[in-house]
Amino acid sequence: MARRTFIAGNWKMNTTLDEAVALAGGVVEAVKGVSDVEVAICVPYISLQAVSQVIKGTNVKLGAQDVHWEASGAYTGKISTSMLKSVGVTYVIIGHSEQRQYFGETDESVNKKTKATLATGLLPILCIGETLAEREGGKMDSVLETQLRGGYAGISKEDALKITIAYEPVWAIGTGKTATSQQANDAHVFIRKVLASIYDEQTAQAIVIQYGGSMKPDNAKELLAQPDVDGGLIGGAALKADSFKGIVIPN
Ligand code: PGA
């Protein structure tokens, strides 16, 4: 089964409501007519509803940057999967390295969020990735395997196929240091090997794996040309419609 290219913008904690509406409008314009690439923008919670109106009827899908696993209740400050669904969200980023680094995200919470997201009919973008110290200490494979086994614990094969993986080496995020296309592809091949051992080879081959970490218009083409790199999760370069376009339609 051919995997579809999937490019998602992760706006992180950027854009006020007006800025988000304007940027979303720019993205819609920039990727108009693109049909061979799945395109999504993951915007701050407070702008989801407004951006959902801007992208209505277009080829741009809406994503959130996190979610809480409980359905409702006394969880001050949290947002549930059904709330996200009610404003038109399709994708939910889960386990981003910034969540893991600064906000106590664990493989267990990633797993709970992933299950809740799937149960509501939304599509997780599950982020994994090693730090520089882990890579240099030869622990990259075991870190990725632990994150994968933890994140996918108790998830059926059918549901696993609905999850996009974002491989984001922590040392490449927002640093301008991109993994080489070879490093990215090697990691993706390893990830597929782990997925094949959890599920089977066919499932592993069908799962879309994005690369994330300083992907820009000038390196996107080479990264995306790698056989196991199926797309990108884009931070900095997603904050301008032009540079985002340069990744969706690399020339
Ligand atoms: P970056 O962020 O493109 O700014 O490196 C990617 C991400 O964290 O998703």
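First things first, this report covers the structure right here in the doc. (Residues numbered from 1 in each chain as written. Predicted model: local features only at pLDDT ≥ 70, side-chain atom pairs only at ≥ 80, totals over all residues. Heavy atoms only, no water.)

Structural notes on the sheet that holds strand β3 (residues 60-64)
Okay, step 1: The eight strands are arranged β1-β2-β3-β4-β5-β6-β7-β8 in a closed barrel whose pairing can be described as parallel. Within the sheet, the average angular offset between the axes of one strand and its neighbour, ignoring direction, is 25°.
Okay, step 2: Here strand β1 (residues 5-10) runs beside strand β2 (residues 37-42); their pairing, made up of six bridges, is parallel. Across the sheet, residue I7 finds its bridge partner in β2, namely V39.
Okay, step 3: Against the sheet, helix α5 (residues 107-119) contacts β4 (91-94) and β5 (123-128), and its axis sits at roughly 160° relative to β5. (Pairing = 2+ DSSP bridges. Helix = DSSP H or I, 4+ residues; strand = E, 2+ residues; numbered from the N terminus. Axes fitted to C-alpha atoms, helices over the stretch in contact; angles between N-to-C directions. Contact = heavy atoms within 4.5 Å.)

Observations concerning the packing of helix α1 (residues 17-30) against helix α12 (residues 241-248)
Okay, step 1: Running from N to C, α1 and α12 cross one another at 35°; their axes reach a closest spacing of 9 Å. Note on packing geometry: the crossing formed by α1 with α12 is right-handed. Taken together, the residues of α12 that come into contact with α1 (itself represented by L23, G26, V27 and A30) are A241, F244 and K245.
Okay, step 2: Of the residues contributing to the contact of α1 with α12, the split by class is five nonpolar, one polar and one charged. (Left-handed = near helix turned anticlockwise from the far one by under 90°. Nonpolar A, V, L, I, M, F, W, Y, C, P; charged D, E, K, R; others polar.)

Quick notes on the layout of surface pockets
Okay, step 1: Space inside the largest pocket adds up to approximately 650 Å³.
Okay, step 2: Residue lining of the largest pocket: 26 residues in total, with Y45, Q65, D66, Q99 and F103 positioned closest to the centre.
Okay, step 3: At the level of secondary structure, the elements contributing two or more residues to the lining of the largest pocket comprise α4 (97-102) and α5.
Okay, step 4: With three residues, α4 is the largest single contributor of residues to the lining of the largest pocket.
Okay, step 5: Classifying every residue of the lining of the largest pocket gives eleven nonpolar, nine polar and six charged.
Okay, step 6: Estimates place the volume of the second largest pocket at around 270 Å³.
Okay, step 7: Across the lining of the second largest pocket, the residue classes break down as ten nonpolar, one polar and four charged. (1 Å grid on protein atoms, 1.4 Å probe; cavity = no way out; pocket = protein on both sides within 12 Å on 5 of 7 lines; lining within 4 Å. Points joined across faces, edges and corners; volume = space filled by probe spheres on them.)

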